[in-house]
Amino acid sequence: MNPRALVVVALFLLAGCASSARAPVSAPQTVVVSPQTWQQIDRDILSASQQATEQVKLFARGSMEHWRTRVYQQTEENFIPWFSSYWTQEWLSMKVSWYTISAGGEQDASAKRLAAYLLEQYQERVLAPVAVEIDPDAILAQATAFYAQLMAQQMPLIAQRHGVPVAQLNGRLQKIPAIALGPPPARDASLFKVISTEPLNTLPAYAALIDKIHTDGGAKGISSTDAAMAPVAKRASQRIEAEMAPRGAASAVAAAAGKLAGAMISVGVAGIRAIIQANDRPDSEALIRSSLGNTFDKAWLKLVQNPTTGVMAGTLHMAGHIERSLGAADESPVGLGVNRVEWRPGQSISQPIEPGMQGE
């Protein structure tokens, strides 16, 4: 036989042997797991959830401290100087005059409308710039995703610890509820769904959870209420309205005195108003610090501590369902244990507030 033909035949035989030796793909091996082992696995999952919650609490607290410091800095550096400047006060005087004329007899109309305007300015000059860097909505999302990530890291370790294939453990995790908002079923998700969906915000149940937290909390933050600006606006409008009558008389005298003398009188009146506003500036700044500080403290604490509408709400919802499913006794929601923050008039708030400076 031709030697070349022998070589070809040998190659075909080798190929056939290799094909016949290739092992068929087998199904994942199923391990018999005793009820006692499953109970221990459940306890480990419960422990992992509790430890993850504690880590997320530290993350959320630190992030909210950073947000608070940045809001304080923006308030001190941008809003208070703007509010107390001469030209802002002149502009506010014009607005109060218009509010008073168009009030139609409504009581405190100018103060209410001025408060609304100041809130808009506070949102624009303080909250919006800080939100580019960090805000409670972002912290809520990051904290919830962090919990899911920590739980995902622990599951393979638990499976390895007890000699259970990951596929079998995943079957167990599919029976543990993590998000329960249905109907419809898309608003529910198991622990397996939560830890296996990347990124978490693509999970419909997660989106429903965040939406529920926002709905339950209503408008969030200091911009949600006029309580912060009401004292400031009321005091400013009362002072401006008190100045309106003398200002009108001075304008009439200036008009009657002729063009040159009238201009000089007008300049003199403006100078007097500037002096009055300069003298009033420390009190105005002290009032706005106090009012904003007290209101912001309350809003901040609510966002930090409220278990259903704060930055920990997503984590606590999932951890609560997981832990109750695994037989954990019902406990009060975990708060972050923070005290009221003191924002003292005249104190620089451009530096982080140390724990020792917090009030009771």
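Residues numbered from 1 in each chain as written. Predicted model: local features only at pLDDT ≥ 70, side-chain atom pairs only at ≥ 80, totals over all residues. Heavy atoms only, no water.

1. Structural notes on the overall build of the chain
Just so we agree on the cut-off: Secondary structure elements are defined from DSSP: runs of H or I of at least 4 residues count as helices, runs of E of at least 2 residues count as strands, and each element is numbered from the N terminus. Buried, partly exposed and exposed residues are distinguished by accessible area as a fraction of the type maximum, computed with a 1.4 Å probe on protein chains only: under 20%, between the cut-offs, and over 50%, respectively. Whether two residues touch is decided by their heavy atoms; if any such pair falls within 4.5 Å, the residues are in contact. What sets the accessible areas is the Shrake-Rupley method with a 1.4 Å probe; for residues, cover comes only from the shown protein chains.
The number of helices and strands found in the chain is eleven helices and two strands. Helices (α) and strands (β) of the chain occur, in sequence order from the N terminus, as α-α-α-α-α-α-β-β-α-α-α-α-α. In the chain, which comprises 360 residues, the share counted as buried stands at 41%. Restricting the contact set of the chain to residue pairs at least 6 apart, pairs at least 24 apart contribute 78%. As displayed, the chain has an accessible area near 19300 Å², and 59% of this comes from carbon and sulfur atoms.

2. Describing the nonpolar core
How we decide: Joining through side-chain atoms within 4.5 Å is the link that ties buried Ala, Val, Leu, Ile, Met, Phe, Trp, Tyr and Cys residues into a set, and such a set is a nonpolar core.
Ranked by internal contacts, the top residues of the largest apolar core, which has 72 residues, are Ile45, Trp67, Met151, Ile179 and Val194. Looking at this core, the element that brings in the most residues is helix H2 (residues 35-84), giving 16 residues.

3. Here's the deal with the environment of alanine 205
Take alanine 205: it is sitting in helix H8 (residues 204-217). In this structure alanine 205 comes out as buried when scored by relative accessible area, which is 0%. Distance from alanine 205 to serine 190, taken between C-alpha atoms, is 9.6 Å for residues 15 residues apart in sequence. Aside from chain neighbours lying at most four places away, what touches alanine 205 is Ile179, Leu181, Ala186, Arg187, Asp188 and Ala189.

4. Brief notes about the side chain of glutamine 73
Basically, it comes down to this: Here a polar contact is taken to be a pair of N or O atoms separated by no more than 3.5 Å, where protein atoms must pair a possible hydrogen donor with a possible acceptor and residues adjacent in sequence count only if both atoms sit in side chains.
Secondary-structure assignment places glutamine 73 in helix H2. Here the side chain of glutamine 73 touches arginine 70 through a polar contact of 2.5 Å, side chain to side chain.

5. Some remarks on the pattern of salt bridges
In plain terms, the rule: Salt bridges are defined as contacts in which a side-chain nitrogen from Lys or Arg sits within 4 Å of a carboxyl oxygen from Asp or Glu.
A full pass over the atoms with the stated rule returns seven salt bridges. We note a salt bridge from aspartate 216 to lysine 212, for which the minimum N-O separation is 2.8 Å. With a gap of four residues between them, aspartate 216 and lysine 212 both fall in helix H8, about one helical turn apart. Lysine 212 gets classed as partly exposed once you look at its relative accessible area, which sits at 37%. Each of the salt bridges in this network shares a partner with another, and the network as a whole consists of Arg61, Glu65 and Arg68.

6. Describing unusual backbone geometry
The residue after proline 183, namely proline 184, is reached through a cis peptide bond having omega 0 degrees. By secondary structure assignment, the location of proline 184 is in the loop between strand S1 (177-180) and strand S2 (188-190).

7. Notes on the environment of tyrosine 99
With respect to the helices and strands, tyrosine 99 occurs in helix H3 (residues 86-101). The exposure class assigned to tyrosine 99 is buried, which follows from its relative accessible area of 6%.

8. Quick notes on H2
Working note: α-helix, 3.6 residues per turn, so residues spaced by three or four point in the same direction. For clarity, the threshold we go by: To estimate the expected span of a helix, count its residues, drop one, and scale the result by 1.5 Å. At every residue, the bend is computed as the angle between two fitted axes, covering the seven residues ending there and the seven beginning there respectively.
Here H2 spans 71 Å end to end across 50 residues, near enough to the 74 Å set by a 1.5 Å rise per residue. Of all bends in H2, the biggest is about 40 degrees, found at threonine 75.

9. Re the confidence of the model for the chain
Keep this limit in mind: Scored from 0 to 100, pLDDT reflects the predictor's confidence in each residue.
Summary statistics for the chain give a mean pLDDT of 73 and a share of 63% for residues scoring 70 or more. Of all secondary-structure elements in the chain, the lowest mean pLDDT belongs to helix H1 (residues 3-21), at 48, while helix H7 (residues 191-196) reaches the highest, 97. Counted against residues more than four places away or in other chains, residues 244-276, with its pLDDT under 50, gives 18 contacts. The low-confidence segment residues 331-360, where pLDDT is below 50, has 62 contacts with residues more than four positions distant or belonging to other chains.

10. What to know about the packing of H3 against helix H4 (residues 109-133)
Between two packed helices, what matters for the description is the angle formed by their axes and the separation of those axes. Threshold: Axis lines are fitted to C-alpha atoms, over the contacting stretch for helices. Their N-to-C directions set the angle, which ranges from 0 to 180 degrees. What sets the label is the angle itself: under 35 degrees gives roughly parallel, over 145 gives roughly antiparallel, 65 to 115 gives roughly perpendicular, and the rest give oblique. Working rule for handedness: look at the near helix, and if it is turned counterclockwise from the far one by less than a right angle, call the crossing left-handed; if clockwise, right-handed.
Where H3 contacts H4, the two axes come as close as 9 Å, and the packing angle between them is 135 degrees. When the axis of H3 is compared with that of H4, the two are oblique. Of the two possible hands of crossing, H3 and H4 adopt the one that is right-handed. Only Ser110, Arg113, Leu114, Tyr117 and Leu118 of H4 make contact with H3, whose side of the interface consists of Trp91, Leu92, Lys95, Val96, Trp98, Tyr99 and Thr100.

11. Considering the packing of aromatic side chains
Two numbers describe a pair of aromatic rings. These are the distance of the centres and the angle of the planes. To keep it simple, the criterion reads: In this analysis, rings of Phe, Tyr and Trp, with Trp reduced to its six-membered ring, are considered paired at centre separations within 6.5 Å, and the interplanar angle assigns stacked below 30 degrees, edge-to-face beyond 60, and tilted for intermediate values.
One pass over the structure, following the stated rule, counts five aromatic pairs. Judged by centre distance (6.4 Å) and plane angle (15 degrees), the ring pair of phenylalanine 79 and phenylalanine 83 falls under stacked. Here phenylalanine 83 and phenylalanine 79 lie together in helix H2, a separation of four residues that amounts to about one turn. The pair phenylalanine 79 / phenylalanine 83 is uniform in exposure class, with both members buried. Pairing tyrosine 86 with tryptophan 87 gives two aromatic rings, centres 5.0 Å apart and planes at 75 degrees, and the pair type is edge-to-face.

12. Overview of H8
Its 14 residues place the ends of H8 20 Å apart at the C-alpha level, agreeing with the 20 Å of an ideal helix rising 1.5 Å per residue. When we look at burial in H8, the residues that qualify are Ala205, Tyr206, Ala208, Leu209, Ile210, Ile213 and Gly217.

13. A look at the side chain of arginine 70
Position of arginine 70 among the secondary structure elements: in helix H2. In this structure arginine 70 comes out as buried when scored by relative accessible area, which is 19%.

14. Looking at the environment of phenylalanine 83
On the basis of relative accessibility, which here comes to 3%, the residue phenylalanine 83 falls in the buried class. Residues phenylalanine 83 and leucine 118 lie 35 residues apart in sequence; the distance between their C-alpha atoms is 8.7 Å.

15. Examining the packing of helix H5 (residues 136-162) against helix H11 (residues 313-325)
Our working definition: Residue polarity follows a fixed list, in which Ala, Val, Leu, Ile, Met, Phe, Trp, Tyr, Cys and Pro are nonpolar, Asp, Glu, Lys and Arg are charged, and the others, Gly among them, are polar.
It is the contact of H5 with H11, at a shortest axis distance of 7 Å, that shows an interaxial angle of 30 degrees. On the basis of the axis angle, H5 is roughly parallel to H11. Residue-level contacts link Leu140, Ala143, Thr144 and Tyr147 of H5 to Ala313, Gly314, Thr315, Met318, Ala319 and Ile322 of H11. Split into classes, the residues belonging to the contact of H5 with H11 amount to seven nonpolar, three polar and no charged.

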